[in-house]
Amino acid sequence: MRLALILSVQLSCFALSLNGNANANANANANANANANANEKVDYSKVQSFGGGVSQQTLATTEEVFFEHALSSDDVVGSLNHFWIGGSQSLDRSTIRYYIDGETIPSIEFFPPLATGVGQAYPNASSDIPQFEQFAPWQNKWFGKGGHQTGWSNNFMIPFSKNLKITYQGPPETQPGDTIYMIVRGTTNLPLHVGSLPVPDSARLKLYKIEDMKLNILEFVDLVDIPEGNSGFHFATTMSVASDTNNYMEGCFHHYTDTVQDFPGIIAGTGMEDYFDSSYYFNAGLFHGDYSGCTHLSDTDGHNGNSTSWSGYRVHEFDPFFFSNGFRFEWRNGDVQDPTTGLKCTLNLEGEGEKLWDPRESVLTAYIWVYLF
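Just so you know, these numbers come straight off a predicted model, no measurement behind them.

Caption draft 1: Broad picture of the state of the cysteines. Applying the stated rule across the entire model yields one disulfide. Here cysteine 252 is linked by a disulfide to cysteine 345, with a sulfur-sulfur distance of 2.0 Å. The chirality of the disulfide connecting cysteine 252 with cysteine 345 is left-handed, given an S-S dihedral of about -65 degrees. A residue pair is termed long-range when its members are at least 10 positions apart, and cysteine 252 in the loop between strand E18 (232-243) and strand E19 (253-256) and cysteine 345 in the loop between strand E26 (336-337) and strand E27 (354-355) qualify at 93 residues. For cysteine 252, a relative accessible area of 0% corresponds to the buried category.

Caption draft 2: Seen up close, the packing of aromatic side chains. Counted by the stated rule, this structure contains 30 aromatic pairs. Geometrically, the ring pair formed by tryptophan 138 and phenylalanine 143 is edge-to-face, given 6.2 Å between the ring centres and 85 degrees between the ring planes. On the basis of relative accessibility, which here comes to 8%, the residue tryptophan 138 falls in the buried class. Their ring planes at 85 degrees and their centres at 6.2 Å tell us that phenylalanine 220 and phenylalanine 263 sit as a pair that is edge-to-face. Residue phenylalanine 220 is located in strand E17 (residues 220-226), and its partner phenylalanine 263 is located in the loop between E19 and strand E20 (266-269); the two are separated by 43 residues in the primary sequence. The exposure class assigned to phenylalanine 220 is partly exposed, which follows from its relative accessible area of 23%. Exposure remark for phenylalanine 263: the relative accessible area of 24% places this residue in the partly exposed category. An aromatic cluster is built from Trp138, Trp142, Phe143, Phe156, Phe233, Phe235, Tyr313, Phe322, Trp369, Tyr371 and Phe373, whose rings are joined through pairwise contacts. The ring of tryptophan 152 is capped by lysine 145, whose NZ or CZ atom sits 4.2 Å from the centre of that ring. A cation over an aromatic ring shows up here: lysine 206 above the ring of tyrosine 208, its NZ or CZ 5.4 Å from the ring centre.

Caption draft 3: Inspection of the side chain of arginine 314 at higher detail. Along the polypeptide, arginine 314 turns up in strand E23 (residues 308-315). Beyond its immediate sequence surroundings of up to four residues, arginine 314 is in contact with Phe235, Ala236, Thr237, Tyr275, Phe276, Asp277, Tyr291, Ser292 and Asp319.

Caption draft 4: The pairing of strand E12 (residues 163-169), seen in detail. In terms of strand pairing, strand E2 (residues 64-70) meets E12 through six bridges, oriented antiparallel. Bridged to glutamate 68 within E12 is lysine 165. Bridging between strand E4 (residues 95-100) and E12 involves six bridges; their strand directions are antiparallel. Its bridge partner being in E12, isoleucine 96 is matched across the sheet by tyrosine 168.

Caption draft 5: Up close: the pattern of salt bridges. As enumerated under the stated definition, the model contains 14 salt bridges in all. The salt bridge partner of glutamate 63 is arginine 97, with a shortest N-O separation of 3.7 Å. Of this pair, glutamate 63 sits in the loop between strand E1 (48-58) and E2 while arginine 97 sits in strand E4; the two residues are 34 residues apart in sequence, bridging distant segments of the chain. On the accessibility criterion, arginine 97 (14% relative accessible area) is buried.

Caption draft 6: Here's a closer look at the environment of tryptophan 310. For tryptophan 310, the position within the fold is in strand E23. Ignoring any residue separated from it by four or fewer positions in sequence, one finds tryptophan 310 in contact with Met239, Ser240, Val241, Tyr248, Met249, Met272, Phe276, Phe282, Cys294, His296 and Leu297.

Caption draft 7: Summary view of empty space enclosed by the protein. Following the criterion strictly, the structure yields two cavities of 30 Å³ or more and no others. Of the voids in this model, the largest cavity is the one considered here, and its volume is about 70 Å³. Lining the largest cavity we find Leu80, Asn81, His82, Phe83, Tyr98, Phe110, Ala115, Asn154, Phe156, Ile158 and Trp369. Examining the composition of the lining of the largest cavity, we find that four residues originate from one element, strand E3 (residues 78-87), more than from any other. Taken together, the residues that form the lining of the largest cavity break down as eight nonpolar, three polar and no charged. Considering only enclosed or pocket space, the second largest cavity measures out at about 30 Å³ in volume.

Each value, and the rule that gives it
- Residues numbered from 1 in each chain as written.
- Predicted model: local features only at pLDDT ≥ 70, side-chain atom pairs only at ≥ 80, totals over all residues.
- Heavy atoms only, no water.
- Disulfide = S-S within 2.5 Å.
- Helix = DSSP H or I, 4+ residues; strand = E, 2+ residues; numbered from the N terminus.
- Buried < 20%, exposed > 50% of the residue type's maximum accessible area, 1.4 Å probe, protein only.
- Phe/Tyr/Trp six-rings, centres within 6.5 Å; stacked < 30°, edge-to-face > 60°.
- Lys NZ or Arg CZ within 6 Å of the ring centre and 35° of its normal.
- Contact = heavy atoms within 4.5 Å.
- Pairing = 2+ DSSP bridges.
- Salt bridge = Lys/Arg side-chain N within 4 Å of Asp/Glu carboxyl O.
- 1 Å grid on protein atoms, 1.4 Å probe; cavity = no way out; pocket = protein on both sides within 12 Å on 5 of 7 lines; lining within 4 Å.
- Points joined across faces, edges and corners; volume = space filled by probe spheres on them.
- Nonpolar A, V, L, I, M, F, W, Y, C, P; charged D, E, K, R; others polar.

Geometric values such as these leave the question of function open.
Here it is, written out as structure tokens:
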């Protein structure tokens, strides 16, 4: 009885100690966050919200202006923080354009699904127009899909220093009576953050795209190639691939954080599913996390010669790839193994290594989001 009582008291004291330490750590973290926020010295009297919406607007195949906002002479910086779109199915292949600070060529131009991390389910016998995965509902901190038809949303921070113009344009297959609903919101004069990352007021988000590029077996492709003299960080990736097998997923990813870094650079992914935080050709199926996801998968067996397609996203909030003098991000359509070491991702010359499985020609679409400053 006495031993049990002593043990009980000791365990209770240990639990109290743990709780006390946890509370102390939580309070310390809260104080640190409060101090960090205080150090930013936000003058909330100058913070304003802006936004706009359109309901049941007829969708046209011509480019139409949806929203414009200009900063006042007292404003320091503005940022668009939320986008949502719903309506007719043709919106999936409608083009949304953001013109930042008087641009004549938009630095951000996208299809809503691909801006939400969802790629194309490529044409089949019943349609010659690529369709997008419609699985819903799902949502994370960056984007999501809330409806079985459209309902796409995106919360990427898009800074500007003068003005912002947003347009929309329906695809050629738009039908009479097709409609668009759209909402955007933003703020002025708040310190700029990309999730947990503070960024300078000069930061600008730019979207680099590859659309329906045909790749040969074992071909390397630069998903983005930013010339020297530019600095910033790689923020997010969406990829969509179709092929006769899934063996393109063996392809490795290589980050080069300046323009002269040699192969293999930083090995960012030892295969498709590895870069996108899954395993074994995404054999667990679809998932939609805050920082990675598999948003479309037509076949989990990559060795049977069937036509397959896949899409996924990766957000680098906690593992950003910073660069100060240019940047390149490379992927290979399939890969080879070094017969001497047994390793992948280490050979890049034509004819080197042993081809892994049976990769075929592939069709690639990719959206690479980069903050420049």
